[in-house]
Amino acid sequence: MIFDIKEQNGGMYATVSGRLDTPAAVKAQQEITPLLENADKVITLDCTSLEYISSSGLRLFLTIRKEAAAKGGKVVIEHINDEIKKVFMMTGFFNLFEIR
Amino acid sequence: MNPYGLNPHCEMLLEEYREQLPMYDSLKKVVMEKLQLLIEQSGVETNSVEARIKKEESLVGKLERKGGKYTSLSDITDIFGARIITFYNEDVDRIASIAESLFDIDWANSVDKRKMHEFSSFGYNSLHYICRLPKSLYYDPQYPKLNEIRFELQMRTALQHVWSAIQHDIGYKSEIETPIEYHRGLSRLAGMLELADNEFSRIRNSISDYRRRAQSLVKSGNIEEVPLDGDTFRSYLGLHPFDKLNRKIAAITQAELHEANLMPYQGVLRQMGMKTLGDVERMMSQNFDDAYQLALFQLGSTDIDILAESVGIQNLCIVHILKSGGGRLGIKLMFDYINGKMPQNAVMADIVMEQAQRLSFMNR
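Residues numbered from 1 in each chain as written. Chains lettered and ligands numbered in written order. Predicted model: local features only at pLDDT ≥ 70, side-chain atom pairs only at ≥ 80, totals over all residues.

A. Seen up close, the environment of Asn109(B). Here Asn109(B) shows up in the loop between β3 (104-105) and β4 (111-112). A C-alpha to C-alpha distance of 9.9 Å links Asn109(B) and Glu152(B), two positions 43 residues apart in sequence. (Helix = DSSP H or I, 4+ residues; strand = E, 2+ residues; numbered from the N terminus.)

Here is the structure:
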């Protein structure tokens, strides 16, 4: 399981762990359903244990962001490692998310 | 039973009022729905839209004072009243035009207090329409007389409303009842607020003119002297000035481009000393190749095939900052501006500095 999701403080809190490569992203599409269903709330993606993210993983994050934008919620990404920071910076994704 | 001690005629009017209250409630609901819908569609910003049915105690007071002049309840035109407060003078006229398009206006009893003052006097300014709801707009067989009821619509600016509300609050009536110095003080304030209303309108019109001129210059491609501000930058982004660079960068990994908000970069460009859109264009042409080169170093060895549209302008700004000697601190400040201050910005500045070392101008 890549996304471990729970409700917390009126919002949704997901611990994202492991390698979010293409096969994992395909599998995780089902896992993020509770986040999409609650996209009117604040969704926090805790990436402390996320080791790697591919383009498919970025698309998955974008899917959540798009749903949150449509429903009036927001996505906050926490604790990304330096390698993933590098990816977010190079792709301009830093401008798309609130990153803490 | 006559708890108010009214004469029989006024008591009859009061009884009529009690019987007709449900019809007035229905009228209020319909009028406000129609009015609010058209105001919303017109795009006029209002300070407030409020409505009320006159309270029984208030009607009793009115009947005590001048009940004899009313033959029936329908002669009293403010049992139901609505008030629309706008921010600008011109919007009072726009609301009036909306009211005219919706309701039958009793012109003989409507009054434009704004035009009633002598050239040397100042006071209550408001537009009052006495209206009826036409059957063509709404008809309820349960209340066939609803369309005959007259109601009052007051329209004024927020400043006119403030004056009126304070005047009412301090119990001012007329110069006959109030010492002349208070009358003069209130007149002076009315004059000042009238001046302020006109000035707000003038400023709004000037800003609109400025925006139209700037947008027209941007659209015609004549941007050299157009000042860089939020409005002009938004219009400029409508020309998709960074698309060419974005597409070239995206081609590195055949990436798709995802829409991003580039407006925060207006502040970054200002911080970088750009004053006009011409400055931005020059900065882009001077740094285009290096911004692309930086992207090539960043993405060339990856298989990332999704990028945000901010990637082009981000790299242009990075290159400009480095060429201007801004170094790591300049890059960090850029990220501070875009992302808000946070520790990650320093880490990202370090990553950028590492990647940028391979750019040719860094080794000169």
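Now that the structure has been shown, the text picks up again.
B. Geometry of unusual backbone geometry. Residues other than glycine seldom take positive phi values, yet His79(A) does so here, at roughly 60°. Along the chain, the position of His79(A) falls in the loop between β4 (74-78) and α4 (82-91). Judged by the 16 C-beta atoms lying within 10 Å of it, His79(A) is partly exposed. Within the chain, His240(B) stands out as a residue other than glycine whose phi angle is a positive 55°. Along the chain, the position of His240(B) falls in the loop between α6 (230-237) and α7 (243-250). In this structure His240(B) comes out as exposed when scored by C-beta crowding, with 10 C-beta atoms within 10 Å. (Buried ≥ 20, exposed ≤ 12 C-beta atoms within 10 Å, placed from the backbone.)

C. Region of the structure containing the packing of helix α1 (residues 22-31) of chain A against helix α3 (residues 55-71) of chain A. All names here are of chain A. The interhelical angle for the contact between α1 and α3, taken along N-to-C directions, is 25°, at an axis separation of 7 Å. Comparing the axis directions of α1 and α3 gives the class roughly parallel. Contact residues: α1 offers Thr22, Ala25, Ala28 and Gln29, while α3 offers Ser56, Gly57 and Leu60. Classifying every residue of the contact of α1 with α3 gives three nonpolar, four polar and no charged. (Axes fitted to C-alpha atoms, helices over the stretch in contact; angles between N-to-C directions. Parallel < 35°, antiparallel > 145°, perpendicular 65-115°, else oblique. Contact = placed C-beta atoms within 7 Å. Nonpolar A, V, L, I, M, F, W, Y, C, P; charged D, E, K, R; others polar.)

Everything listed is a geometric property; what it means functionally is a separate question.
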